Amino acid sequence: MSIALIGLKALVGGCAVVGFSLIGQAGHPKRFAGLFSAAPSVALASLAMTVVAKGPRATLPYAQGMLIGSAGMVAYSLVSLLLINRLHALVGSILAWLAWFAVAGGLYLVVGG
Amino acid sequence: MDGRQLRDDDLESVGFDWSKLRKASPPELLIRFVFGGGIALVAAIAASVFGPRFGGLFLAFPAVLPAALTLIEKKEGTTKAWADASGGVLGAIGLAAFAFTALQLLRANPAVALAVALLAWLLVSGGLYFLFRETGLFLWQDKRLMKSR
């Protein structure tokens, strides 16, 4: 993958995250707004860039990896709920990354590697 | 956490107040851009080094959430941050629907596949949100989690 494509993916991914977060900021009530914090912003941007640069077939392994990662994201969200209740947002939501690594990493080793 | 504040928040109508965007601060947007762009960069580099399936994992990594939740907690309190995170659980289930739909359709027509996958995310996460809201599942979940503290 060229450095230009990697840089472009980062740029478009960052813009997509800002776009979805603005939709979330306008949303109410808060739980509804929270849906947009788990929007597929980076995925949408990255898959679209891969399609343009390498064609649709090249995106399939990315989508397979993402499906595994999204199981980790569900685990992360559930654990972060428990931890935010006890440790506040910053510590709770960072510690919950361990749940993502455990579930996504574990599943990847079992089925995706 | 304030149970009454959560209930009051849930009673609010569902929609978008676009005038709130006037209050969006450039430094906060920059933080989101940096974390969002950062994880896209990590995914692309990981794909280059370890293969696209491994890189794809990071397309569903919650890189922006700690910063976003911390900003909400700082401005509106822990209860609102928790409410946002509780919506995030349903959004994450929708994310799996996005990946599954994209995987099924990308080979045929990528533009349509990504549009339908985005629709799948919206329908699954939005559908679950209304299911939880209308059936009182949010209330049940709040009680269980507050009790477990």
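All of these numbers come straight from a predicted model, not from anything done at the bench.

### Thoughts on the overall build of chain A
Thought 1: Helix and strand content of chain A: six helices and one strand.
Thought 2: Its helices and strands taken in sequence order, chain A reads α-β-α-α-α-α-α from the N to the C terminus.
Thought 3: Reported as C-alpha extents along the three principal axes, the dimensions of chain A are approximately 45 × 40 × 20 Å.
Thought 4: Split into buried and exposed, the 113 residues of chain A put 58% on the buried side.

### Section: the overall build of chain B
Thought 1: Scanning chain B for helices and strands turns up seven helices and one strand.
Thought 2: Moving toward the C terminus, one meets the helices and strands of chain B in the order α-β-α-α-α-α-α-α.
Thought 3: Per-residue burial over chain B gives 46% buried out of 149 residues.
Thought 4: A sequence separation of at least 24 residues applies to 54% of the contacts in chain B between residues at least 6 apart.

### Overview of the interface of chain A and chain B
Thought 1: On the side of chain B, 80 residues touch chain A, which itself brings 73 residues to the contact.
Thought 2: The set of elements that each furnish at least two residues to the side of chain A that touches chain B consists of helix H1 (3-26), strand E1 (27-28), helix H2 (30-35), helix H3 (41-54), helix H4 (60-87), helix H5 (89-95) and helix H6 (97-112) of chain A.
Thought 3: For the side of chain A that touches chain B, the element with the most residues is H4(A), which contributes 24 residues.
Thought 4: Partitioned by chemical class, the residues of the side of chain A that touches chain B number 46 nonpolar, 22 polar and five charged.

### Topic: H3(A)
It helps to recall that an α-helix has 3.6 residues per turn; residues three or four apart then point in one direction.
Thought 1: Between the first and last C-alpha of H3(A) there are 20 Å, a value that for 14 residues agrees with the 20 Å anticipated at 1.5 Å per step.
Thought 2: Restricting attention to buried positions, one finds in H3(A) the residues A:Ser41, A:Val42, A:Ala43, A:Leu44, A:Ala45, A:Ser46, A:Leu47, A:Met49 and A:Thr50.
Thought 3: Packing partners of the buried residues in H3(A) comprise H1 and H4 of chain A together with helix H2 (26-50), helix H5 (78-105) and helix H6 (110-135) of chain B.
Thought 4: At the C-terminal side of H3(A), A:Gly55 shows a positive phi close to 95°.

### Comments concerning the domain arrangement of chain A
Residue and element names in this part refer to chain A.
Thought 1: According to the domain assignment, chain A consists of domain 1 (1-54) and domain 2 (58-113).
Thought 2: On a C-alpha basis, the centroid separation for the pair domain 1 and domain 2 is 18 Å.
Thought 3: Listed per partner, the contact involves seven residues of domain 1 and seven residues of domain 2.

### Quick notes on the environment of B:Ala92
Thought 1: Here B:Ala92 is to be found in helix H5.
Thought 2: As a C-alpha pair, B:Ala92 and B:Val124 span 32 residues in sequence and 9.7 Å in three-dimensional space.
Thought 3: Ignoring anything within four residues of it in the chain, the contact list for B:Ala92 reads A:Ala38, A:Ser70, A:Met73, A:Val74 and A:Ser77.

### Re the packing of H3(A) against H4(A)
Residues and elements named next belong to chain A.
Thought 1: For the pair H3 and H4, interaxial distance at closest approach is 10 Å and the crossing angle is 165°. With respect to each other, H3 and H4 are oriented roughly antiparallel. In terms of crossing hand, the pair formed by H3 and H4 is right-handed. Contacts between H3 and H4 involve Ala43, Ser46, Leu47 and Thr50 from the former and Tyr62, Ala63 and Met66 from the latter.
Thought 2: Class assignment of the residues belonging to the contact of H3 with H4 gives a composition of five nonpolar, two polar and no charged.

### Focus on the nonpolar core
Thought 1: Of all hydrophobic cores here, the largest spans 85 residues; its most connected members are A:Val42, A:Ala63, B:Ala60, B:Leu95, B:Phe98, B:Ala99 and B:Ala102.
Thought 2: Looking at which element gives the most residues to this core, the answer is H5(B), with 15 residues.

### Focus on the domain arrangement of chain B
Thought 1: If you check the domain split of chain B, you get domain 1 (24-63) and domain 2 (77-149).
Thought 2: Between the C-alpha centres of domain 1 of chain B and domain 2 of chain B the distance comes to 20 Å.

### A short note on the packing of H1(A) against H2(B)
When two helices pack together, their arrangement is given by the angle between the helix axes and the distance between those axes.
Thought 1: Two elements in contact, H1(A) and H2(B), have axes separated by 7 Å at closest approach and are oriented at 140°. With respect to their mutual orientation, H1(A) and H2(B) come out oblique. Considering only the axes of H1(A) and H2(B), their crossing is right-handed. Between H1(A), through A:Ile6, A:Lys9, A:Ala10, A:Leu11, A:Gly13, A:Gly14, A:Ala16, A:Val17, A:Val18 and A:Ser21, and H2(B), the contact on the second element is made entirely by B:Leu29, B:Arg32, B:Phe33, B:Val34, B:Gly36, B:Gly37, B:Ala40, B:Leu41, B:Ala44 and B:Ile45.
Thought 2: For the contact of H1(A) with H2(B), a count of residues per class yields 13 nonpolar, five polar and two charged.

Parameters at a glance
- Every chain is numbered independently, its residues counted from 1 as its sequence is written.
- A letter from A marks each chain and a number from 1 marks each ligand, given out in the order of writing.
- Residues qualify for local features only when their pLDDT is at least 70, as the model is predicted, and side-chain atom pairs are given and counted only at 80 or more; totals for whole chains, interfaces and linings, by contrast, use all residues.
- The helix and strand labels rest on DSSP assignments: H or I over at least four residues marks a helix, E over at least two residues marks a strand, and numbering proceeds from the N terminus.
- With C-beta atoms placed from the backbone, a residue is buried if 20 or more other C-beta atoms are within 10 Å of its own, exposed if 12 or fewer are, and partly exposed between those counts.
- By the criterion used throughout, residues are in contact when their C-beta atoms, derived from the backbone, lie within 7 Å.
- When residues are sorted by character, Ala, Val, Leu, Ile, Met, Phe, Trp, Tyr, Cys and Pro go into the nonpolar class, Asp, Glu, Lys and Arg into the charged class, and all the rest, Gly among them, into the polar class.
- Take the residue count of a helix, subtract one, and multiply by 1.5 Å to get its expected span.
- Domain delimitation in this document rests on an assignment produced automatically or drawn from a domain database.
- Here an axis means a line fitted to C-alpha atoms, over the contact stretch when the element is a helix, while the angle between two N-to-C directions is reported on a 0 to 180 degree scale.
- For this classification, under 35 degrees means roughly parallel, over 145 means roughly antiparallel, 65 to 115 means roughly perpendicular, and everything else is oblique.
- Two helices that cross are described as forming a left-handed crossing if the nearer one is turned anticlockwise from the farther one by less than a right angle, and a right-handed crossing if clockwise.
- For the purposes of this analysis, a nonpolar core is taken to be any set of buried Ala, Val, Leu, Ile, Met, Phe, Trp, Tyr and Cys residues that are connected through C-beta atoms within 7 Å.

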